[in-house]
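Spelled out, the chains give:
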Amino acid sequence: MTQIRVTPTANSPQTHALVIGVGHHDHLLGGTSPNPDIHLGLRVLQSPPVSAINVAGWLLGFGPGPGLNNPAAPLGSVEVLVSVAPGAQLPHQGKFATLDPAKHTEVKQGFGRWLQEMKRHPRNVGLLYFCGHGVTGSNGTQYVLLQDFGSDPLAPFTSGIFDMNSTVRALESAVQGQLFVFVDACRNNSPQLADLIGAKPAPLLQQGGSTKIVNSGLTTIYSSRAGMSAYGDREGMTRFTKALLLALEGYCGSAVAGKVHSVIDGLALSQAMPKLLRFVNESSPGEPQTCESTPSGNDAPLHVLPGLPRVRVQIDISPEKMRSCGTFLMQDITKPGAPPVTGGGNAGVWEADAFRGIYRVEVSPKKKEFTKLLHEHQFVDPPIYRLPVEVK
Amino acid sequence: MTPPPVYVHAYAVKDPSSRTALPIYLLDDRGVVIGADRILTGGQRPSRIDPDSDAFPRYVRVDLPNGNVLVKPVSTNENSPVTFVLGYDSPRETMSWAAPRVDFSPRAEVLALREGMQSGWIQLWQLGTTGWRQLPLHLHGRFDAAPTALELRLTDLREPGALVINTGQGVPQVISLPASAKLRALITTTEVTQGTWDTQVVLGGYGPRTEGVLEFLRKGALDSAEALDPGMERAMGFLYEKQKDPLAATAGAYYLLRRRAWDRLPLPWLKNLANRFKWIPDAHLLLACVQIREGMNNREAGILAGRAIEAAFTRGFPLFFEARGLLQELHYYASRSEGRAPNQLAFVGRVLACAQPAGISFGFSGLTPFHPTREVPDPYLPVPESAAAPRVAMATYGVAGKQVTPKKPPAKKLAAKAAAAKRPAAKKSAAKRAAGKPDGRTAAKRSTAAKRGPRRFGMTAQALREVTPKGLAYESTRSNGLSSPPLPHPPGRRQSTAYFKDLLVTA
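Residues numbered from 1 in each chain as written. Chains lettered and ligands numbered in written order. Predicted model: local features only at pLDDT ≥ 70, side-chain atom pairs only at ≥ 80, totals over all residues. Heavy atoms only, no water.

This part covers the overall build of chain A. For chain A, the count of helices and strands is six helices and 20 strands. Radius of gyration (C-alpha) of chain A: 23 Å, near the 21 Å computed for a compact globule of 392 residues. Expressed along its principal axes, the backbone C-alpha trace of chain A runs to roughly 75 × 50 × 40 Å. Long-range contacts, defined here as pairs at least 24 residues apart, represent 75% of the contacts in chain A between residues at least 6 apart. Summed over all atoms, the accessible surface of chain A reaches about 15100 Å², with 53% contributed by carbon and sulfur. Between the averaged position of the 33 positive side-chain charges in chain A and that of its 30 negative side-chain charges there is a distance of 6 Å. (Helix = DSSP H or I, 4+ residues; strand = E, 2+ residues; numbered from the N terminus. Rg over C-alpha atoms; globule rule 2.2 N^0.38 Å. Contact = heavy atoms within 4.5 Å. Areas by Shrake-Rupley, 256 points an atom, 1.4 Å probe, with all protein chains shown as cover. Lys, Arg positive; Asp, Glu negative; His and termini not counted. Charge placed at Lys NZ, Arg CZ, Asp CG, Glu CD.)

The structure is reproduced here in structure tokens:
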């Protein structure tokens with residue numbers, strides 16, 4: 001059992017997380033006992049366990065930041081299930097006492113414990129994160145694969161796999177509190193699998209007696225559009241998880257009236273994630289990846305930043321040959337005494353970090369290569385502020 | 001002392017008569033919202049924001065549906081309104097049109113030079129009582145070629161329809177069209193990442209109210225939608241005034257459903273929307289979803305979901321992509337229910353599996369409205385059976401009549417046919433047919449057809465060949481039964497298919 005209890009059970013709202021990362025599959029290509037009748041051409045993966053461990057590590061504060069901060073619903077428990085190749089080393093792994101493998105039985109048990117925690121209080125906040133192989137069946141339903149996919153010889157295509165969409169739908173009828181669901185998996189259509197899994201893999205949670213929705217708010221973010229793939233680094237994290245952690249580390253958030261802090265909620269994540277993923281795409285080889293988010297209902301915060309959110313500033317000078325001949329200076333006009341953000345003078349897009357604000361942006365030549373340009377009242381909003389500038 | 005109000009004006013320069021509602025925010029120096037309202041572009045009177053605090057300096061922010069944000073400072077002179085001049089980025093009455101242009105830095109020359117666009121085409125289909133049929137589509141004089149994109153003015157249809165667009169990027173896209181709406185299609189190439197380009201199709205013209213709401217929903221910007229409509233009164237008003245603008249009523253219902261505002265979605269209003277505007281398939285899905293989400297047992301939910309799907313798909317496809325989530329939910333319940341037509345659910349399932357938005361419009365990747373697929377047609381593969389005989393379409397749309405499955409004649413029969421064609425009588429008959437006169441064989445066929453009565457569905461394999469553009473693999477392989485088609489430039493053209501390269505040359 002890898003439920004990490006962060007704060008004792010209480011009668012007040014808490015945040016509970018369920019993190020699943022499946023990289024090792026027994027019966028897929030590269031697994032311990034690959035089965036040609038089952039693997040469907042899918043291979044074991046390396047990035048999902050790294051991604052899942054990083055998400056769990058971020059929640060618990062094992063990463064560079066202090067971890068999840070939600071004063072209205074402090075972190076109560078984190079359930080971590082990770083399938084990794086035997087002997088593989090993961091970041092923060094030593095900080096977890098034990099790690100259950102993401103096999104069907106263990107995942108069901110972990111999901112059950114998480115659900116039980118979620119039901120303890122109507123204003124609890126839940127986070128469900130999955131990273132691993134996913135396929136889309138013949139009706140657009142996303143199925144996600146666990147370590148023991150194909151292990152039951154009598155029902156190989158319904159074992160070690162579950163229906164993600166129906167699980168989330170059933171959660172809406174079972175959990176009152178705010179839910180955040182992040183599914184980092186491919187959504188490719190697999191006609192072969194769709195035909196093979198005619199029996200339809202079951203969800204982790206069956207719909208109850210009534211179809212009534214009791215859930216107050218749900219934000220679901222899929223790492224890819226329907227029918228498309230999700231990608232990851234062989235040695236590192238997936239693109240989607242990189243973008244998610246960037247968002248949670250502060251490149252996302254909205255201000256609260258009369259308060260110093262900023263909140264990261266479903267709306268802020270829904271709007272930041274496509275932009276952050278595009279930013280990650282730019283530094284990744286291969287096809288671009290686009291995520292899909294659906295916020296609905298009310299929106300309780302997931303994470304609270306102590307101050308203003310950060311913004312990745314990108315200033316794109318054209319013609320390109322002028323990039324090395326100039327610099328930029330950004331001054332937050334609402335804080336005249338604050339140090340300006342500066343940069344430039346390099347080939348490629350000029351980049352810098354700034355805090356959210358309203359800025360005056362100056363683009364100046366080093367000598368007199370082009371005319372100085374001034375952009376007033378630029379609303380620099382997270383996660384990315386991109387300013388294309390044509391100089392003459 | 002109450003802080004003085006701030007007045008805001010917005011002008012849409014390209015279309016001053018537009019009445020697009022946009023959210024406006026009053027910000028303090030931290031960017032914290034201290035007041036919010038909405039503004040109508042082209043409105044005569046300025047909007048008034050009453051701030052919550054007297055903090056200064058202050059700024060007014062306007063959120064455009066294309067994701068752009070405009071900010072201006074508030075003057076210390078209380079009587080001086082903040083004025084925004086919109087439209088340089090947003091050339092149409094709805095800002096959604098500019099979305100792909102602004103967000104992804106498109107280049108018109110890339111659109112024209114894309115290999116796919118040179119073999120791309122567009123078709124118009126309509127769903128009548130006899131099933132889907134293709135309509136002639138003449139785009140000359142009905143398009144604008146701006147430096148950044150190609151915009152087509154579409155013929156308004158009497159019945160629900162669909163566009164099939166092939167931009168040369170894999171499988172064509174089928175996009176739902178409502179009846180009696182003057183829509184436009186924008187085809188533009190956008191840069192997804194540096195050096196990676198993607199051709200996008202966006203449909204617009206549903207009206208500023210509809211597009212305003214659905215654009216924000218599509219982008220997940222519920223906060224902007226909320227700023228436009230605090231308390232959701234406006235969306236409820238759209239639904240109430242469904243007679244005035246049924247598409248806006250549908251958009252309003254989608255918004256209220258997303259916000260889970262059950263108390264603002266009265267079932268009688270939704271029933272009226274579904275019953276009075278049968279050409280809006282989404283209305284049936286909305287009604288069923290609200291009923292199911294309010295609670296019932298699974299069996300009842302299955303029956304209701306099945307009926308709603310049937311009602312919606314008899315009238316074409318859902319109009320808006322927001323329907324996909326609802327359709328998935330209903331499909332889930334319906335497929336667990338006994339007694340549903342498996343063909344119908346299988347077809348809807350395939351549509352869901354191939355779903356692909358075109359802006360706010362519902363669409364899916366497919367070869368025809370009755371053949372959703374994500375697989376690129378391969379000229380060297382045999383014809384998919386479902387493409388040759390649109391069984392699903394017939395079953396799905398509930399059209400009565402005997403199903404015709406074209407059978408390939410045996411080799412012996414083909415040889416006999418070839419020999420017969422060489423006989424003088426056959427030659428005479430062929431000459432008559434060429435001259436447009438009925439020969440003996442045609443007359444006999446007509447006589448049989450007259451006895452049989454009017455055809456209830458017209459999509460035989462022959463009809464499919466007629467309506468399918470040259471160049472698609474299965475069409476050409478069927479046309480002679482054996483040989484592979486000469487791709488990508490077909491020798492012949494169909495009048496009913498408009499080719500982009502003709503427009504791009506003209507442009």
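A word on helix α1 (residues 47-60) of chain A. When the terminal C-alpha atoms of α1 of chain A are compared, their 20 Å separation across 14 residues agrees well with the 20 Å that a helix rising 1.5 Å per residue should span. Immediately beyond the C-terminal end of α1 of chain A, within one or two residues, lies G61 of chain A, with a positive phi of roughly 85 degrees. (Expected span 1.5 Å × (residues − 1).)

Here we come to the interface of chain A and chain B. Many structure descriptions define interface size as the accessible area lost when the parts assemble. Contacts between the two partners involve 52 residues from chain A and, on the opposite side, 49 residues from chain B. Summing both sides of the interface, chain A and chain B together bury roughly 4100 Å²; the carbon and sulfur share of this comes to 49%. Interface area lost by chain A to chain B is led by R169, T211 and F379 of chain A, which between them contribute 15%. Along the contact surface separating chain A from chain B lie two salt bridges. The partner of E172 of chain A in a salt bridge is R260 of chain B, with the nearest N and O atoms 2.2 Å apart. The interface formed by chain A and chain B includes 13 residue pairs in polar contact (both at pLDDT 80 or more). Those elements that place two or more of their residues in the side of chain A that touches chain B are α3 (164-172), β9 (217-222), α6 (266-282), β12 (292-297) and β19 (373-380) of chain A. If one sorts the elements of the side of chain A that touches chain B by residue count, α6 of chain A sits on top with six residues. For the side of chain A that touches chain B, the per-class residue count stands at 15 nonpolar, 26 polar and 11 charged. (Buried area = accessible area lost by both parts, 1.4 Å probe. Salt bridge = Lys/Arg side-chain N within 4 Å of Asp/Glu carboxyl O. Polar contact = N/O pair within 3.5 Å; in protein donor to acceptor, adjacent residues only side chain to side chain. Nonpolar A, V, L, I, M, F, W, Y, C, P; charged D, E, K, R; others polar.)

With an omega dihedral of 0 degrees, the bond running from S318 of chain A to P319 of chain A counts as a cis peptide bond. Checked against the element boundaries, P319 of chain A lands in the loop between β14 (310-318) and β15 (326-332). For the peptide bond that leads from P382 of chain A to P383 of chain A, omega is 5 degrees, which places it in the cis range. Secondary-structure assignment places P383 of chain A in the loop between β19 and β20 (384-390). Positioned with a positive phi, H377 of chain A is a non-glycine residue whose angle comes to about 50 degrees. As for its placement among the helices and strands, H377 of chain A is situated in strand β19. Non-glycine residue R260 of chain B carries a positive phi angle of around 60 degrees. Mapped onto the secondary structure, R260 of chain B falls in the loop between α7 (246-258) and α8 (267-276).

Attention now goes to the sheet that holds β9 of chain A. All names here are of chain A. Taken in spatial order, the seven strands of this open sheet run β1-β3-β2-β4-β8-β9-β12, and their pairing is mixed. Of all the strands in the sheet, the pair left with one neighbour each is β1 (3-5) and β12. The sheet shows a mean angle of 10 degrees between the axes of neighbouring strands, taken without regard to direction. Both β1 and strand β3 (residues 75-83) contribute to a ladder of three bridges, which runs antiparallel. Paired with I4 across the bridge in β3 is V78. Contacts from helix α5 (residues 239-248) reach β4 (125-131), β8 (178-184) and β9 within the one sheet, and its direction differs from that of β8 by about 145 degrees. (Pairing = 2+ DSSP bridges. Axes fitted to C-alpha atoms, helices over the stretch in contact; angles between N-to-C directions.)

Our focus in this paragraph is the packing of aromatic side chains. This structure, assessed with the given rule, holds 16 aromatic pairs over all chains. An angle of 45 degrees between the planes, with centres 5.7 Å apart, marks the rings of F111 of chain A and W114 of chain A as tilted. In this pair, F111 of chain A and W114 of chain A are both assigned in helix α2 (residues 104-118), three residues apart and thus about one turn of the helix distant. Of the two residues, F111 of chain A and W114 of chain A, both sit in the buried class. Of the aromatic side chains, those joined through ring pairs into one cluster are W132, F313, F317, F347 and F364 of chain B. Sitting above the plane of the Y222 of chain A ring, R187 of chain A keeps its charged end 4.3 Å from the centroid. Here the basic side chain of K72 of chain B rests over the ring of F84 of chain B, its NZ or CZ set 6.0 Å away from the ring centre. (Phe/Tyr/Trp six-rings, centres within 6.5 Å; stacked < 30°, edge-to-face > 60°. Buried < 20%, exposed > 50% of the residue type's maximum accessible area, 1.4 Å probe, protein only. Lys NZ or Arg CZ within 6 Å of the ring centre and 35° of its normal.)

Residues and elements named next belong to chain B. Running from N to C, helix α10 (residues 298-313) and helix α12 (residues 342-353) point in directions that differ by 70 degrees, and their axes come no closer than 11 Å. Judged on the interaxial angle alone, α12 and α10 are roughly perpendicular. Here G306, I309, E310 and F313 of α10 lie close against α12, whose contacting residues are Q344, L345, F347 and V348. Residues that form the contact of α10 with α12 fall into these classes: five nonpolar, two polar and one charged. (Parallel < 35°, antiparallel > 145°, perpendicular 65-115°, else oblique.)

Looking at where P3 of chain B falls in the secondary structure, it is placed in the segment before β1 (6-12). C-alpha of P3 of chain B to C-alpha of S53 of chain B: the two residues are 50 residues apart in sequence and 6.4 Å apart in space.

What follows concerns the pattern of salt bridges. Enumeration over the complete set of coordinates arrives at 23 salt bridges over all chains. D353 of chain A serves as the salt-bridge partner of R312 of chain A, at 2.8 Å between the closest nitrogen and oxygen. One end of the pair, R312 of chain A, is in strand β14; the other, D353 of chain A, is in strand β17 (residues 350-355), and 41 residues separate them in sequence. The closest approach of N and O atoms between R258 of chain B and E322 of chain B, which form a salt bridge, is 2.8 Å. With R258 of chain B in helix α7 and E322 of chain B in the loop between α10 and α11 (323-336), the pair connects residues that are 64 residues apart, well separated along the chain. By relative accessible area, E322 of chain B is classed as buried at 18%. Shared partners join several salt bridges into a network, and the residues in it are R310, R312, E351 and D353 of chain A.

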